[in-house]
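# Geometric and topological summary
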Amino acid sequence: FNHRREQHLDRFVLEAFERPSVLITDALTMGIEENKRRKQLDQQLFSAIERTMSRQGDVLIPMDPSARVLEILRCLHRYWVLKRKSTPIIIVSNVGDKLIADANNFVEWMSEAIRNELNTQQSRPYHFSRGEVQVIRSPDDLDMFPRPRLILAT
């Protein structure tokens, strides 16, 4: 269960959950303050990345190979497209290709926003074009990319 709304998953609300015969949930109960805080945190992350990369520094974001990668990847990719960044987001992971492929295959289990995006734009949320996201299996392959680099590593 997802306890808070994210970009790729809705929040599961568990209030007095006792052996229901029918369970109907939604993600509309999320507070406004949490939305504001989320935007502030995202902006702080983007600012830190921009500052580091503007000084030709690499940004390394280590994480476990789970849905967290999808959340941060979606957040960063949207920012990259908005700011028209030419530097690819690099994922260093043995399972990165499979994770992205699986995410595109299970869109119906993701948030309503992603499902709507699929229906209106006819594109998968984790289908990247123009080399925006590059998946490599070994840190040794990082040398193929010029600096500065944004790296998500699992």
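Everything here concerns the structure above.
Below you will find a few notes about this structure. (Residues numbered from 1 in each chain as written. Predicted model: local features only at pLDDT ≥ 70, side-chain atom pairs only at ≥ 80, totals over all residues. Heavy atoms only, no water.)

A complete count under the given rule lists 2 aromatic pairs for this structure. Between phenylalanine 46 and tyrosine 79, the ring centres sit 4.0 Å apart and the planes meet at 10°, which makes this aromatic pair stacked. One end of the pair, phenylalanine 46, is in helix H1 (residues 32-54); the other, tyrosine 79, is in helix H2 (residues 67-82), and 33 residues separate them in sequence. Each member of the pair, phenylalanine 46 as well as tyrosine 79, is classed as buried. (Phe/Tyr/Trp six-rings, centres within 6.5 Å; stacked < 30°, edge-to-face > 60°. Helix = DSSP H or I, 4+ residues; strand = E, 2+ residues; numbered from the N terminus. Buried < 20%, exposed > 50% of the residue type's maximum accessible area, 1.4 Å probe, protein only.)

Positionally, leucine 73 belongs in helix H2. By relative accessible area, leucine 73 is classed as buried at 0%. As for leucine 73 and leucine 152, which are separated by 79 residues in sequence, their C-alpha atoms are 8.2 Å apart.

Attention now goes to the environment of valine 81. You can see valine 81 is positioned in helix H2. In this structure valine 81 comes out as partly exposed when scored by relative accessible area, which is 43%. Measuring from C-alpha to C-alpha, the distance between valine 81 and glutamate 132 comes to 8.5 Å, with 51 residues separating the pair along the chain.

What follows covers the side chain of serine 93. As for its placement among the helices and strands, serine 93 is situated in the loop between strand E2 (89-92) and helix H3 (96-105). Judged by relative accessible area, serine 93 falls into the buried class, the value being 4%. A polar contact is formed between the side chain of serine 93 and the backbone nitrogen of valine 95, at a distance of 3.1 Å. Among the polar contacts listed, one links the side chain of serine 93 to the side chain of threonine 154, at a separation of 2.8 Å. Contacts of serine 93, omitting those with residues within four sequence positions, involve Val135, Ile136, Arg137 and Thr154. (Polar contact = N/O pair within 3.5 Å; in protein donor to acceptor, adjacent residues only side chain to side chain. Contact = heavy atoms within 4.5 Å.)

Across a sheet, strands are paired by hydrogen bonds formed along the backbone, either parallel or antiparallel in direction. One open sheet accounts for 4 strands, arranged E1-E4-E2-E3; its pairing is parallel. Across the chains shown, the open sheet's two edge strands, defined by having one partner strand only, are strand E1 (59-62) and strand E3 (133-136). The average undirected angle you get between the axes of adjacent strands in this sheet is 20°. The sheet contact formed by E2 and E3 spans 4 bridges and is parallel. The partner of isoleucine 91 across the bridge, within E3, is valine 135. (Pairing = 2+ DSSP bridges. Axes fitted to C-alpha atoms, helices over the stretch in contact; angles between N-to-C directions.)

With an omega of 0°, the peptide bond running from arginine 147 to proline 148 counts as cis. With respect to the helices and strands, proline 148 occurs in the loop between E3 and strand E4 (150-153).

Pairs can form between side chains of opposite charge once their charged atoms are near each other. The full count for this structure, using the stated rule, is 3 salt bridges. Among the salt bridges present, the one from glutamate 50 reaches lysine 85, with a minimum N-O distance of 2.8 Å. Here glutamate 50 is found in helix H1, whereas its partner lysine 85 is found in the loop between H2 and E2, with 35 residues between them in sequence. For glutamate 50, a relative accessible area of 26% corresponds to the partly exposed category. Between aspartate 58 and arginine 149 there is a salt bridge; the shortest N-O distance is 2.7 Å. Separated by 91 residues along the polypeptide, aspartate 58 in the loop between H1 and E1 and arginine 149 in the loop between E3 and E4 bring together distant segments of the chain. We classify aspartate 58 as partly exposed; its relative accessible area is 27%. (Salt bridge = Lys/Arg side-chain N within 4 Å of Asp/Glu carboxyl O.)

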